[in-house]
Amino acid sequence: MELEELIQKFQKKEISAFEKLYEMYSENILGVINTIVKNPERAQEICQDVFIKVWDKADTYNPAKGRFFTWILNIARNAAIDEVRSKSFRQQKRNLSADYFVGMLEDSEDLQSKVDTIGLKKLVANLKEKCVQLISLLYFQGFTQKEAAEELNIPIGTVKTRNRSCISQIRENMNI
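**Student:** Would you mind going over the pattern of salt bridges in detail, with residue names and values included?
**Tutor:** Scanning the entire structure with this criterion turns up four salt bridges. In this structure, the salt-bridge partner of E5 is K9, at a minimum N-O distance of 3.7 Å. Residue E5 and its partner K9 are located together in helix α1 (residues 3-11), separated by four residues, close to a single helical turn. Given a relative accessible area of 36%, E5 falls into the partly exposed group. A residue is classified by how much of its surface remains accessible, and K9, at 25% relative accessible area, is partly exposed. In this structure, the salt-bridge partner of E83 is R42, at a minimum N-O distance of 3.0 Å. Of the two residues, E83 is situated in helix α4 (residues 68-85) and R42 in helix α3 (residues 40-56); the sequence distance between them amounts to 41 residues.

**Student:** Which residues make up the environment of P155, and what are the values?
**Tutor:** By the secondary structure assignment, P155 is in the loop between α9 (145-152) and α10 (156-174). For P155, a relative accessible area of 54% translates into the label exposed.

**Student:** Run through helix α8 (residues 129-140), naming residues and quoting values.
**Tutor:** When the terminal C-alpha atoms of α8 are compared, their 15 Å separation across 12 residues agrees well with the 16 Å that a helix rising 1.5 Å per residue should span. For α8, the set of buried residues is C131, L134, I135, L137 and L138. Summarising the axial view, the buried residues of α8 lie within an arc of 165 degrees, below the 170-degree limit, and thus occupy one face. Residues of α8 that are buried make contact with α4, α9 and α10.

**Student:** Outline the state of the cysteines, listing residues and values.
**Tutor:** Tallying each qualifying case throughout the model produces one disulfide. Between the sulfur atoms of C131 and its disulfide mate C166 the distance is 2.0 Å. On the sign convention where negative is left-handed, the bridge of C131 and C166, at about -85 degrees about the S-S bond, is left-handed. Highlighted residues: C131 in helix α8 and C166 in helix α10, separated in sequence by 35 residues.

**Student:** Hey, could you go over the confidence of the model for the protein chain for me, with residue numbers and the actual values?
**Tutor:** Chain-level pLDDT for the protein chain is 80 on average; 77% of the residues reach the 70-or-more range. When the elements of the protein chain are averaged for pLDDT, helix α6 (residues 98-117) gives the smallest value, 45, and α3 the largest, 93. Every residue in residues 94-111 scores below 50 in pLDDT, and together they form nine contacts with partners more than four places removed in sequence or on other chains. Residue range residues 113-117 is modelled with pLDDT below 50. Its contacts to residues more than four positions away, or to other chains, number four contacts.

Rules used in this analysis
Residues numbered from 1 in each chain as written. Predicted model: local features only at pLDDT ≥ 70, side-chain atom pairs only at ≥ 80, totals over all residues. Heavy atoms only, no water. Salt bridge = Lys/Arg side-chain N within 4 Å of Asp/Glu carboxyl O. Helix = DSSP H or I, 4+ residues; strand = E, 2+ residues; numbered from the N terminus. Buried < 20%, exposed > 50% of the residue type's maximum accessible area, 1.4 Å probe, protein only. Expected span 1.5 Å × (residues − 1). Arc of directions from axis to C-beta. Contact = heavy atoms within 4.5 Å. Disulfide = S-S within 2.5 Å. pLDDT = per-residue confidence, 0-100.

Right, dumping it as structure tokens:
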């Protein structure tokens, strides 16, 4: 079945289309969420919430504005960032045991292999180091543009311009 047809069935609330799309995208979406929240259990919950939200708002997806996966990815990224910025999440992080950090390091290697399976490593490898840093902060670590500007010690306007330029380079590399 073609992706466009599957998406149309999804928008018509066909359960089989939801199940297929979940099967296709959930692992990658979960990986991105976990990269931001750094808590596998919470990431799983957020991932499920994202797919429920996507199901509820399926009619708002517009293929003219971008790819379906990108639409879901943006919803997931925003949900993960909202979680990291929440007061309860920050309070929870204050009392973490050392076991959490050991597990996080072990999981990061597994995440790298998962990220590579969707080809992001190859796309990012062709970018300049400035772009790699910025993309990492904005899209994988959940920084706002203002926070990225502070972290990189550059003006926010430069962050915005560089972000557009880096995304354009990625698009060129993908031949979109």
